[in-house]
Amino acid sequence: MTATQRDESRVPPYIKGMSGHITLRDDDYVIDQNWAAYSADEHAVWDFLYRRQVDILKDRADPAMLRGLEQLNLNRGGIPEFAKINVELKARTGFEVVAVPGLVPDEVFFNHLANRRFPAGQFIRTRAQLDYLQEPDIFHDVFGHVPLLTDPVFADYMEAYGKGGLRAMKFGRLKQLAALYWYTVEFGLIETPKGVRIYGAGISSSKDESIFALDDPSPNRIRFDLERVMRTRYRIDDFQQTYFVIRSYDELFRATVDTDFAPLYERLGDGVGYGADAVLATDGVVTHGTQAYAKAKKAG
Ligand code: PHE
Ligand code: FE
């Protein structure tokens, strides 16, 4: 599917054209990727991470993600060039990747997504940070996030999320909307015919969490429910204590894009609600985690 083949009727009326009247205070933070300036060692770091992750993910990631890696030629070796990714990506879903220096302000981030641009960190982690770093680098952003942007429904979700973000700012409910991003785009799991698989980029770009999220008895795995997710606290410093499982990107799209969040924001209030390890009587429990990992961490 190309951008022009995209079904505009899928976008609900209250959200159509929303990004148009948002004016940015600052610039869009976009920089040149400056691909020629990456060193041989930086390319080697990408290759090391790429091979290590693909090996872990081949039976753990959603096939749509693995397919995206190949469709965008991210498997060709070395740090990919955004201009080349974009030829392929734009043709498929109308999305493009733009380079930014690192984290950008919320409004800038939402505005990019709302216009089908994914802002990706330009830099790559050093060899001292192979397993963990706090700021999203090019490996997290491009290996983790970009492959799924080849999926038409997921791409539509990302655009809608950007528009929803701009809207949430007006309601003062960014915290609640951030929980949705966290538990889907970053740490989401998906049901497939072969079992539960990874689609969240925070998982798929992390060696240890890719194994933990799917194989470890510690975390809860709970069926996705929009309001439940938006009421749930999350860990930014360690593996998640709960993962939410969607049945399909269509389920995610319908549940979020078709819902007007205004009454939901009203209901949610400003609170943070459920703990990161909560299991409720109303939950669709896929795995009731032991929380052994989190408990040992706390004790240790
Ligand atoms: N439907 C949401 C709103 O009313 C917007 C949104 C769409 C948010 C998709 C997240 C994901 O604001
Ligand atoms: Fe991310």
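Residues numbered from 1 in each chain as written. Chains lettered and ligands numbered in written order. Predicted model: local features only at pLDDT ≥ 70, side-chain atom pairs only at ≥ 80, totals over all residues. Heavy atoms only, no water.

Q: Would you mind showing me how to read the overall build of the protein chain here?
A: Across its full length, the protein chain carries 13 helices and seven strands. Taken against the 2.2 N^0.38 rule, which gives 19 Å for 300 residues, the C-alpha radius of gyration of the protein chain at 19 Å falls within 12% of a compact globule. Taken along its principal axes, the extent of the C-alpha atoms in the protein chain is 55 × 50 × 35 Å. Split into buried and exposed, the 300 residues of the protein chain put 55% on the buried side. Looking at the protein chain alone, contacts between residues at least 24 apart form 73% of all its contacts between residues at least 6 apart. Put simply, the protein chain shows about 13,300 Å² of open surface, and 52% of that area lies on carbon and sulfur atoms. (Helix = DSSP H or I, 4+ residues; strand = E, 2+ residues; numbered from the N terminus. Rg over C-alpha atoms; globule rule 2.2 N^0.38 Å. Buried < 20%, exposed > 50% of the residue type's maximum accessible area, 1.4 Å probe, protein only. Contact = heavy atoms within 4.5 Å. Areas by Shrake-Rupley, 256 points an atom, 1.4 Å probe, with all protein chains shown as cover.)

Q: Where do I start with the coordination of the iron ion (ligand 2) in this structure?
A: Octahedral metal centres with six donors ideally show angles of 90 or 180 degrees, and tetrahedral centres with four donors ideally show 109.5 degrees. Taken together, the protein ligands of the iron ion (ligand 2) are His-140 (NE2), His-145 (NE2) and Glu-186 (OE), with distances of 2.0 to 2.1 Å. Residue class for Glu-186 comes out buried when judged on its relative accessible area of 11%. (Donors = N, O, S within 2.8 Å, 3.2 Å for Na, K, Ca; no water.)

Q: Hey, could you run me through the nonpolar core in this one?
A: Note that soluble globular proteins tend to have their nonpolar side chains buried in a common cluster. Counting 82 residues, the largest nonpolar core has Tyr-157, Met-158 and Leu-180 as the members making the most contacts within it. Top contributing element to this core by residue count: helix H6 (residues 152–171), with nine residues. Discounting chain neighbours no more than four positions away, the residues touching Tyr-157 are Leu-180, Thr-184, Val-185, Leu-252, Phe-253, Thr-256 and Val-257. (Core = buried A, V, L, I, M, F, W, Y, C linked by side-chain atoms within 4.5 Å.)

Q: Looking at this structure, how should I read the packing of helix H1 (residues 40–57) against helix H9 (residues 207–215)?
A: Helix-helix packing is described using two parameters, namely the angle between the two axes and the distance between the axes. Two numbers describe how H1 lies on H9: the axes approach to 10 Å, and their chain directions differ by 10 degrees. Here H1 lies roughly parallel to H9, going by the angle between them. Contact with H1, carried on its side by Arg-52, Gln-53, Ile-56 and Leu-57, involves Lys-207, Ser-210 and Ile-211 of H9 and no other residues of that element. Per-class residue counts for the contact of H1 with H9 are three nonpolar, two polar and two charged. (Axes fitted to C-alpha atoms, helices over the stretch in contact; angles between N-to-C directions. Parallel < 35°, antiparallel > 145°, perpendicular 65-115°, else oblique. Nonpolar A, V, L, I, M, F, W, Y, C, P; charged D, E, K, R; others polar.)

Q: Whenever I open this one, the pattern of salt bridges confuses me. Can you help?
A: Side chains carrying opposite charge are able to pair once their charged atoms draw close together. Within this structure, the stated rule accounts for 20 salt bridges. Between Arg-223 and Glu-191 there is a salt bridge, and its shortest N-O distance comes to 3.3 Å. Separated by 32 residues along the polypeptide, Arg-223 in strand S5 (residues 220–223) and Glu-191 in strand S3 (residues 189–192) bring together distant segments of the chain. The shortest N-O distance in the salt bridge between Lys-207 and Asp-208 comes to 3.1 Å. Classification of Asp-208 by relative accessible area gives partly exposed; the value is 38%. Several salt bridges share partner residues, and in doing so they unite Arg-116, Asp-156, Glu-159 and Lys-163 into one network. (Salt bridge = Lys/Arg side-chain N within 4 Å of Asp/Glu carboxyl O.)

Q: What should I look at first to understand the sheet that holds strand S7 (residues 285–287) in this one?
A: Across a sheet, strands are paired by hydrogen bonds formed along the backbone, either parallel or antiparallel in direction. Pairing is mixed in the open sheet, where five strands are placed in the order S4-S3-S6-S5-S7. Lying at the two open borders of the sheet, with one neighbouring strand each, are strand S4 (195–198) and S7. In this sheet, adjacent strand axes meet at a mean angle of 35 degrees when their direction is disregarded. (Pairing = 2+ DSSP bridges.)

Q: Quick question: what am I supposed to make of the environment of Leu-189 here?
A: Checked against the element boundaries, Leu-189 lands in strand S3. Its relative accessible area of 0% is what places Leu-189 among the buried residues. Placed 64 residues apart in sequence, Leu-189 and Phe-253 show a C-alpha to C-alpha distance of 15 Å. With near-sequence residues (within four places) excluded, Leu-189 lies in contact with Val-196, Arg-197, Ile-198, Tyr-199, Ile-203, Ala-213, Leu-214, Arg-221, Tyr-243, Phe-244, Val-245 and Ile-246.

Q: Just to check I follow, could you spell out helix H4 (residues 106–114) for this structure?
A: A turn of α-helix holds 3.6 residues, and therefore any two residues three or four places apart point the same way. For H4, a buried count of eight out of nine residues is recorded, marking the element as mostly surrounded by other parts of the structure. Within the span of H4, buried status applies to Glu-107, Val-108, Phe-109, Phe-110, Asn-111, His-112, Leu-113 and Ala-114. The inward-facing, buried residues of H4 contact strand S1 (96–100), strand S2 (117–121), H6 and helix H7 (174–186). Residue Arg-116 follows H4 closely and has a positive phi angle near 55 degrees.

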